[in-house]
Amino acid sequence: GQCQALHVQGVLAVVECGLYLSRRSSEFFSPGVRLQEWSVWEALTFILNGLVFVMIGLQLPYVLAGIHGISLGTLALYGALFSALLIALRMIWMFPAANLAHWIRTRLLHQNVQRAPATGILIVGWTGMRGVIALAAAIALPQTLANGSPFPERNLIIFLAFSAIFVTLVLQGLSLPPLFRFLRVVDASSPKVEEEAARREMVQAGLAYLEQARQDDEEQFTDIYNDLNGHYQQRLTALSDMEHVEGPRFHKRYSQLSHQLLRVERRTAVRLRNQGRINDEILRELERELDLREAGYHAKGND
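Everything numeric here is computed off the predicted structure, so don't read it as measured data.

About the thresholds
- Residues numbered from 1 in each chain as written.
- Predicted model: local features only at pLDDT ≥ 70, side-chain atom pairs only at ≥ 80, totals over all residues.
- Heavy atoms only, no water.
- Helix = DSSP H or I, 4+ residues; strand = E, 2+ residues; numbered from the N terminus.
- Buried < 20%, exposed > 50% of the residue type's maximum accessible area, 1.4 Å probe, protein only.
- Areas by Shrake-Rupley, 256 points an atom, 1.4 Å probe, with all protein chains shown as cover.
- Core = buried A, V, L, I, M, F, W, Y, C linked by side-chain atoms within 4.5 Å.
- Expected span 1.5 Å × (residues − 1).
- Bend = angle between axes of the 7 residues up to and from the residue.
- Salt bridge = Lys/Arg side-chain N within 4 Å of Asp/Glu carboxyl O.
- Axes fitted to C-alpha atoms, helices over the stretch in contact; angles between N-to-C directions.
- Parallel < 35°, antiparallel > 145°, perpendicular 65-115°, else oblique.
- Contact = heavy atoms within 4.5 Å.
- Nonpolar A, V, L, I, M, F, W, Y, C, P; charged D, E, K, R; others polar.
- pLDDT = per-residue confidence, 0-100.
- Polar contact = N/O pair within 3.5 Å; in protein donor to acceptor, adjacent residues only side chain to side chain.
- Left-handed = near helix turned anticlockwise from the far one by under 90°.

Across its full length, the chain holds 12 helices and 0 strands. Mapped in sequence order, the helices and strands of the chain form the string α-α-α-α-α-α-α-α-α-α-α-α. Relative to its full complement of 303 residues, the chain shows a buried share of 20%. Carbon and sulfur atoms provide 62% of the accessible area of the chain, an area that totals close to 22100 Å².

Set out below in C-alpha cells:
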C-alpha cells in the first residue's frame with residue numbers, strides 16, 4: 001500500500017533496500033552478526049537463485065500464451081537478436097569505459113594505476129551476465145497503465161528478459177573456460193597490487209593510531225602498546241617482504257605452516273579437554289576461533 005501511495009514498484013524498492021543494507025553493513029552490524037549473516041546468506045542466495053529459475057520455468061508458458069500474433073520461431077529469433085545486441089553493446093562500451101576510468105583515476109584522482117590489458121577488458125565485457133536484477137526489472141512492469149489499459153507488449157518484454165538471462169548465463173558462462181585458455185590469461189593467484197596496498201595502508205593507519213594513543217595514555221600500559229606495535233610491525237614487514245619473494249612459493253609455504261600450526265593448536269585444545277583442564281564449552285569456543293582462522297586461510301588461498 002505504501003509503495004502504491006508513493007507510486008513506486010515494490011520489487012525495485014526491495015532490491016534498492018538490499019543494495020543499501022549491503023553497502024552499509026560494515027556500520028550497521030557487529031562482527032559476530034556479519035559472520036552469521038555470511039553463513040546464512042550463502043545458503044539463502046543459493047536457494048533464492050534456484051527459486052528464480054524455477055519461477056522462470058513456471059511463468060514462461062503463461063508469458064508465451066500471452067503473446068499473440070508471433071510464432072515460436074520468430075520469438076526465438078527475437079530473443080537471440082536481443083541477447084546478441086546486449087552482448088555487443090557491452091563489449092563495445094567496455095573499452096572506452098576502461099579508458100575513461102583510467103583517465104579519471106590517473107588525471108583527476110592522481111592514483112598510480114596501470115592501464116587494464118585488452119584481454120582483461122575483453123573478459124570483463126564477456127562476463128556481463130544477466131540474472132535476478134534483469135528479471136526483477138522486467139516483472140516490475142505494471143500490468144496496466146494509468147488509464148487502465150494493458151501495458152503494451154509486457155509479455156514480450158518479459159520473454160526477452162528471459163532470453164537474455166538464458167543466453168548470458170548458460171551460453172556465455174559455459175564459454176568462459178575455453179576463452180580463458182584461448183587468451184592465455186595470467187593465473188589469478190598472483191598477488192593483487194590494490195589489495196596488498198590496501199592491507200599495507202590499513203596496518204600503517206593502525207600503527208599511527210597506536211603511536212598517538214601511547215602518548216595520551218598512562219605509562220603502566222607501555223607493555224601493551226609494545227606488544228601491539230610489534231604485532232603490527234610484523235604484519236607490515238610481511239606485507240613488504242611479499243613483494244620481494246616469489247609469490248606462489250611464498251604463499252604455498254605460508255599456507256602449509258599456517259595449517260600445521262592450526263592442527264597443533266587444535267590437538268592441544270582437545271588434549272586439555274581430555275585432561276579435564278577445560279570443559280566442553282571452552283573447547284567449542286576455542287575450536288570456533290580456530291575454525292574462523294582456518295576459513296580465513298582458505299579464503300586467501302582461493303583468492
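Attention shifts here to the nonpolar core. One finds I56, V63, I67, L135, F159 and F162 to be the most contacted residues of the largest nonpolar core, which totals 14 residues. For this core, the secondary-structure elements that each account for two or more residues are α4 (31–65), α7 (132–139) and α8 (154–183). The element that contributes the greatest number of residues to this core is α8, accounting for 7 residues.

Right, let's talk about helix α5 (residues 72–108) for a bit. The end-to-end C-alpha distance of α5, which contains 37 residues, comes to 52 Å, matching closely the 54 Å that a straight helix rising 1.5 Å per residue would cover. Helix geometry: α5 is bent most strongly at M94, by close to 30 degrees, with proline P96 lying one to four residues after it. Taken as a whole, α5 has its buried residues at L75, G79, S83, I87, M91, M94, A97 and H102. Looking at the residues trailing α5, positive phi occurs at H110, about 55 degrees.

A word on the pattern of salt bridges. Taken as a whole and judged by the stated rule, the model has 1 salt bridge. Salt-bridge contacts for D280 lead to R273; the nearest nitrogen and oxygen are separated by 3.1 Å. Judged by relative accessible area, D280 falls into the partly exposed class, the value being 40%.

Their axes nearest at 9 Å, the elements α7 and α8 cross at an angle of 175 degrees. Looking at the two axes, α7 sits roughly antiparallel to α8. Of the residues in α8, those in contact with A134, L135, A138 and I139 of α7 are R154, I158, A161, F162 and I165. Its residues placed into classes, the contact of α7 with α8 shows 8 nonpolar, no polar and 1 charged.

Attention shifts here to the environment of A97. In this structure, A97 sits in helix α5. Spatially, the C-alpha atom of A97 lies 9.6 Å from that of I121, the residues being 24 residues apart in sequence.

Further remarks concern the confidence of the model for the chain. On average, the chain scores 79 in pLDDT, and the residues at 70 or more come to 83%. Mean pLDDT values for the elements of the chain range from 60 in helix α1 (residues 2–5) up to 91 in α5.

Here the focus is α8. End to end, α8 covers 40 Å across 30 residues, agreeing with the expected 44 Å (1.5 Å per residue, within 8%). If you look at α8, its biggest bend is around 40 degrees, right at L176, and the proline P177 turns up within four residues after that. Where α8 ends, the next residue or the one after it, R184, has phi of about 55 degrees, a positive value.

Residue placement: S83 occurs in helix α5. Exposure remark for S83: the relative accessible area of 1% places this residue in the buried category. At 3.4 Å, the side chain of S83 forms a polar contact with the backbone oxygen of S163. The contacts of S83, once residues within four sequence positions are left out, are S163, A164 and V167.

With that out of the way, let us pick up the environment of M91. The topology assignment puts M91 in helix α5. Measuring from C-alpha to C-alpha, the distance between M91 and W126 comes to 6.8 Å, with 35 residues separating the pair along the chain. Other than its neighbours up to four places away in sequence, M91 contacts L122, G125 and W126.

Another aspect to go through is unusual backbone geometry. Backbone geometry at E153 places phi at a positive 55 degrees, although glycine is not the residue there. Topologically, E153 is positioned in the loop between α7 and α8.

A separate point is the packing of α5 against helix α6 (residues 118–126). Axis separation between α5 and α6 bottoms out at 9 Å; the angle between their running directions is 140 degrees. The two elements α5 and α6 cross, and the hand of that crossing is right-handed. Contacts between α5 and α6 involve I87, R90, M91, M94, F95 and A98 from the former and A118, I121, L122, V124, G125 and W126 from the latter. In terms of residue class, the contact of α5 with α6 is made up of 10 nonpolar, 1 polar and 1 charged.

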